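Spelled out, the chains give:
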Amino acid sequence: MVSLPHQDPHSLPSPPCLCCRKQKDQFDNLEKHTQWGIDVLEKYIKFVKERTEIELSYAKQLRNLSKKYQPKKNSKEEEEYRYTSTRAFVATLNEMNDYAGQHEVISENMTSLITGELSRYVQELKQERKSHFHDGRKAQQHIETCWKQLEASKRRFERDCKEADRAQQYFEKMDADINVTKADVEKARQQAQLRHQMAEDSKAEYSSTLQKFNSEQHDHYYTHIPNIFQKIQEMEERRIVRIGESMKTFAEVDRQVIPIIGKCLDEITKAAESVDHKNDSQLVIEAYKSGFEPPGDVDFEDFTQPMKRTISESSLSNSRGDGRSEPKFGSKSKGKLWPFIKKNKLSLKLGAGPEDFSNLPPEQRRKKLQQKVDELNRDIQKEMDQRDALTKMKDVYIKNPQMGDAASVDQRLAELGQNIEKLRLEVQKFEGWLAEVEGRLPARTEQPRRQSGLYEAQNPSAVNSCAQDRESPDGSYTEEQSQETGMKVPATDFDDEFDDEEPLPTIGTCKALYTFEGQNEGTISVAEGEMLYVIEEDKGDGWTRIRRNEDEEGYVPTSYVEVYLDKNAKGAMTYI
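Residues numbered from 1 in each chain as written. Predicted model: local features only at pLDDT ≥ 70, side-chain atom pairs only at ≥ 80, totals over all residues. Heavy atoms only, no water.

(A) Inspection of the overall build of the protein at higher detail. Within the protein, the regular secondary structure consists of 13 helices and five strands. The buried share of the protein, reckoned over its 576 residues, is 27%. Within the protein, contacts between residues separated by at least 24 positions form 70% of all contacts whose residues are at least 6 apart in sequence. Looking at the protein as shown, the accessible area adds up to about 39,300 Å², and 53% of this sits on carbon and sulfur atoms. (Helix = DSSP H or I, 4+ residues; strand = E, 2+ residues; numbered from the N terminus. Buried < 20%, exposed > 50% of the residue type's maximum accessible area, 1.4 Å probe, protein only. Contact = heavy atoms within 4.5 Å. Areas by Shrake-Rupley, 256 points an atom, 1.4 Å probe, with all protein chains shown as cover.)

So this is what it looks like as structure tokens:
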């Protein structure tokens with residue numbers, strides 16, 4: 001009879017299936033962490049890339065600005081640039097051009113030293129990470145295979161032992177029975193011996209497999225897996241060191257151009273210091289002095305005798321005659337200013353309307369009045385901030401008279417108090433009109449001055465009749481159009497000087513939540529997930545003005561984008 005070998009339960013290893021499961025969890029955690037590290041690196045690359053684009057855009061705008069104000073090739077401006085002040089301005093423009101070149105250098109160095117190098121390193125890092133985790137999974141699969149072989153050998157040994165035990169019991173039973181033939185007993189004995197031999201072979205195989213598994217398990221947990229974890233740790237530490245070095249390079253690239261930028265600024269300062277008011281005044285004197293002698297005294301005219309005139313009288317008449325050209329210059333300049341004044345007056349007439357916006361539909365009037373109230377409140381806050389600052393300054397002067405005269409700020413404080421009082425009266429006036437309008441409108445939600453959807457839902461006919469062109473940002477009310485179409489301002493050459501408008505500054509960014517096909521004039525098409533710049537937020541009409549690049553901008557529905565305004569613009573607000 002063969003029995004199972006006795007083993008101390010304390011000497012048995014913990015079930016490998018449980019250890020493998022825990023090890024698999026560790027690999028999963030490491031895999032997530034290393035992937036997060038790669039994501040951080042790629043995010044930093046994207047940040048530096050956007051910084052380089054900003055630097056290039058800034059340099060381009062500076063170069064365009066310098067080019068725009070460079071002197072034109074004509075005799076009039078060449079004469080103007082005789083003066084030291086205008087020559088200093090030209091020098092400033094040239095230095096600004098060099099200043100822009102340094103920002104281009106920053107962009108180029110960051111692209112080559114940071115984004116290019118890090119992009120290649122990320123690809124290598126991904127391959128190395130993939131290789132390490134492949135080795136880890138391979139080692140894990142190998143130990144699991146060895147464990148399955150050990151389990152199979154153990155079950156086979158257990159089965160053969162049980163078969164040998166049954167065969168032995170059968171032989172003993174046959175041997176004790178006197179009715180059984182000797183041949184049957186011999187056959188049972190041979191069968192028991194055969195089963196016993198099979199059990200011994202299974203035992204030897206199980207023992208060998210167990211020793212092999214223990215050796216493989218020891219190597220797995222004390223050699224292979226620690227080596228893989230060590231390689232992963234070294235890989236991760238190299239990534240951390242690399243991103244730190246890149247951040248240091250980021251600062252060094254800026255620091256390298258600081259001396260050159262400082263030199264540009266020094267040249268601008270030098271040009272400013274070269275301005276000589278005496279020299280410029282002398283040039284004007286030399287250019288416009290007449291050279292006439294002052295007229296002599298006028299003689300007494302005695303009508304009882306023939307009128308006598310002196311030679312100086314003729315010089316007076318000549319000087320007067322020549323002096324007539326002077327008013328022409330003044331009249332010409334005055335006439336030249338006239339189109340500008342006329343244009344302003346006409347533009348005021350075109351944009352004029354009732355102060356209480358009574359010409360607008362109720363909802364639009366409410367929004368306009370609310371905007372006016374908010375604007376006045378902001379002005380009041382600015383005035384109050386100035387007043388507080390001056391009050392603190394006055395307190396400092398009172399405590400430290402050597403720093404300044406406290407009475408010198410009293411006049412400004414009085415002016416600020418008067419301005420604040422005027423603005424508060426204006427706020428009260430517009431709030432009265434606003435209360436009157438809101439009293440006529442239907443009941444609103446908790447934000448009566450921000451939402452207009454309830455009014456539109458309850459009065460669809462009124463809203464449609466007032467805002468038929470609301471579907472496109474270039475639409476306006478018929479009543480406003482009728483006022484504007486009544487007057488046309490003829491275009492003049494002088495008007496062209498005021499037609500160029502500076503591009504609106506960006507006040508934030510936005511992400512397109514849905515795809516929008518801009519088919520109407522003034523709209524722009526966007527794709528879902530696209531990031532764009534916000535240059536004008538929603539004014540209450542449901543449209544937001546965005547920009548893709550310098551040449552592409554337009555309106556999109558506010559509900560189609562998620563807007564992130566800069567904190568220094570109007571506070572961080574999100575429209576969804």
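Structure shown, so let's carry the discussion forward.
(B) Structural detail: the packing of aromatic side chains. Applying the stated criterion across every chain yields a total of nine aromatic pairs. Judged by centre distance (6.5 Å) and plane angle (75 degrees), the rings of tyrosine 69 and phenylalanine 89 are edge-to-face. Here tyrosine 69 is found in the loop between α1 (16-68) and α2 (75-80), whereas its partner phenylalanine 89 is found in helix α3 (residues 84-176), with 20 residues between them in sequence. With a relative accessible area of 36%, phenylalanine 89 lands in the partly exposed category. With a centroid separation of 6.3 Å and an interplanar angle of 70 degrees, the aromatic rings of phenylalanine 516 and tryptophan 543 are classed as edge-to-face. Residue phenylalanine 516 is found in the loop between β1 (508-512) and β2 (531-536), and its partner tryptophan 543 is found in strand β3 (residues 543-547); the two are separated by 27 residues along the sequence. Taking relative accessible area as the criterion, phenylalanine 516 reaches 13% and is therefore assigned buried. Here a set of aromatic residues connected by ring pairs shows up, and it is made of Tyr514, Phe516, Trp543 and Tyr560. In this arrangement the basic side chain of arginine 82 is found over the ring face of tyrosine 83, its NZ or CZ atom lying 5.6 Å from the centre. (Phe/Tyr/Trp six-rings, centres within 6.5 Å; stacked < 30°, edge-to-face > 60°. Lys NZ or Arg CZ within 6 Å of the ring centre and 35° of its normal.)

(C) Fine view of the environment of glycine 518. With respect to the secondary-structure elements, glycine 518 resides in the loop between β1 and β2. The partly exposed category is assigned to glycine 518, whose relative accessible area is 24%. Distance in space between the C-alpha atoms of glycine 518 and glycine 554 is 8.7 Å, their sequence separation being 36 residues. Look past the residues within four positions of glycine 518 in its chain and what remains in contact with it is Thr523, Ile524 and Ser525.

(D) How the structure looks around the pattern of salt bridges. Applying the stated rule across the entire model yields 24 salt bridges. Among the ionic pairs, lysine 126 bridges to glutamate 42, the shortest N-O distance being 2.9 Å. With lysine 126 in helix α3 and glutamate 42 in helix α1, this residue pair connects regions lying 84 residues apart in the sequence. Given the relative accessible area of 31%, glutamate 42 is considered partly exposed. (Salt bridge = Lys/Arg side-chain N within 4 Å of Asp/Glu carboxyl O.)

(E) Just the pairing of β1, in detail. Residues Gly508, Cys510 and Ala512 line the buried face of β1, whereas the alternating positions Thr509 and Lys511 sit on a face that is not buried. Strand direction decides the pairing type here: β1 and β2, joined by four bridges, are antiparallel. Counterpart to glycine 508 in the pairing with β2 is valine 534. (Pairing = 2+ DSSP bridges.)

(F) The arrangement of the confidence of the model for the protein in detail. Of all residues in the protein, 72% have pLDDT values of 70 or greater, and the mean over the chain is 76. Here residues 307-351 scores under 50 on pLDDT; set against residues more than four positions off or in separate chains, the count is 23 contacts. Confidence drops under a pLDDT of 50 for residues 442-500, and excluding neighbours within four residues, the segment shows 76 contacts in the predicted structure. (pLDDT = per-residue confidence, 0-100.)

(G) Region of interest: the sheet that holds strand β4 (residues 553-557). Strand order across the open sheet formed by five strands is β4-β3-β2-β1-β5, with antiparallel pairing between neighbours. Because the sheet does not close on itself, it has two edges, and the strands there are β4 and β5 (561-565). Geometrically, the sheet is characterised by an average inter-axis angle of 40 degrees between neighbouring strands, direction not taken into account. As paired elements, β3 and β4 share five bridges and run antiparallel to each other. Bridge pairing in β4 places isoleucine 546 opposite glycine 554. (Axes fitted to C-alpha atoms, helices over the stretch in contact; angles between N-to-C directions.)

(H) Quick peek at the side chain of glutamate 55. Tracing the backbone shows glutamate 55 in helix α1. Engagement of the side chain of glutamate 55 in a polar contact is seen with the side chain of arginine 51, the distance being 2.8 Å. At a separation of 2.5 Å, a polar atom in the side chain of glutamate 55 contacts the side chain of histidine 103. Ignoring any residue separated from it by four or fewer positions in sequence, one finds glutamate 55 in contact with His103, Ile106 and Ser107. (Polar contact = N/O pair within 3.5 Å; in protein donor to acceptor, adjacent residues only side chain to side chain.)

(I) Quick peek at a nonpolar patch on the surface. Taken together, Leu65, Tyr69 and Phe89 make up a surface patch of nonpolar side chains, about 280 Å² in accessible area. Look at tyrosine 69 and you get partly exposed, because its relative accessible area is 40%. (Patch = residues over 30% accessible without salt bridge, like charges linked within 9 Å, V, L, I, M, F, W, Y side chains within 5 Å.)

(J) View of the packing of α3 against helix α4 (residues 182-273). Running from N to C, α3 and α4 point in directions that differ by 170 degrees, and their axes come no closer than 7 Å. Of the possible angle classes, the one that applies to α3 and α4 is roughly antiparallel. By residue class, the composition of the contact of α3 with α4 is 46 nonpolar, 19 polar and 23 charged. (Parallel < 35°, antiparallel > 145°, perpendicular 65-115°, else oblique. Nonpolar A, V, L, I, M, F, W, Y, C, P; charged D, E, K, R; others polar.)

(K) Layout of the nonpolar core. In terms of nonpolar packing, the biggest core is built from 28 residues, with Leu41, Tyr44, Met110 and Ile114 touching the most fellow members. Those elements that place two or more of their residues in this core are α1, α3 and α4. Counting 15 residues, the second-largest nonpolar core is a separate cluster that includes Ile507, Ile524, Val526 and Tyr555. (Core = buried A, V, L, I, M, F, W, Y, C linked by side-chain atoms within 4.5 Å.)

(L) A look at the side chain of arginine 239. Here arginine 239 shows up in helix α4. Here arginine 239 falls in the buried class, since its relative accessible area comes to 5%. Within the local environment of arginine 239, its side chain forms a polar contact with the backbone oxygen of glycine 37, the two atoms lying 3.3 Å apart. If we ignore the near neighbours within four places in the chain, the residues touching arginine 239 are Trp36, Gly37, Ile38, Leu41, Tyr121 and Leu125.

(M) Molecular detail of the pairing of β3. In terms of burial, β3 is largely enclosed, as four of its five residues are buried. Here β2 runs beside β3; their pairing, made up of three bridges, is antiparallel. Looking at the pairing, valine 534 lines up with isoleucine 546 of β3. Counting the residues in the hairpin turn of β2 and β3 gives six residues, including glycine 540, whose phi is positive at 105 degrees.

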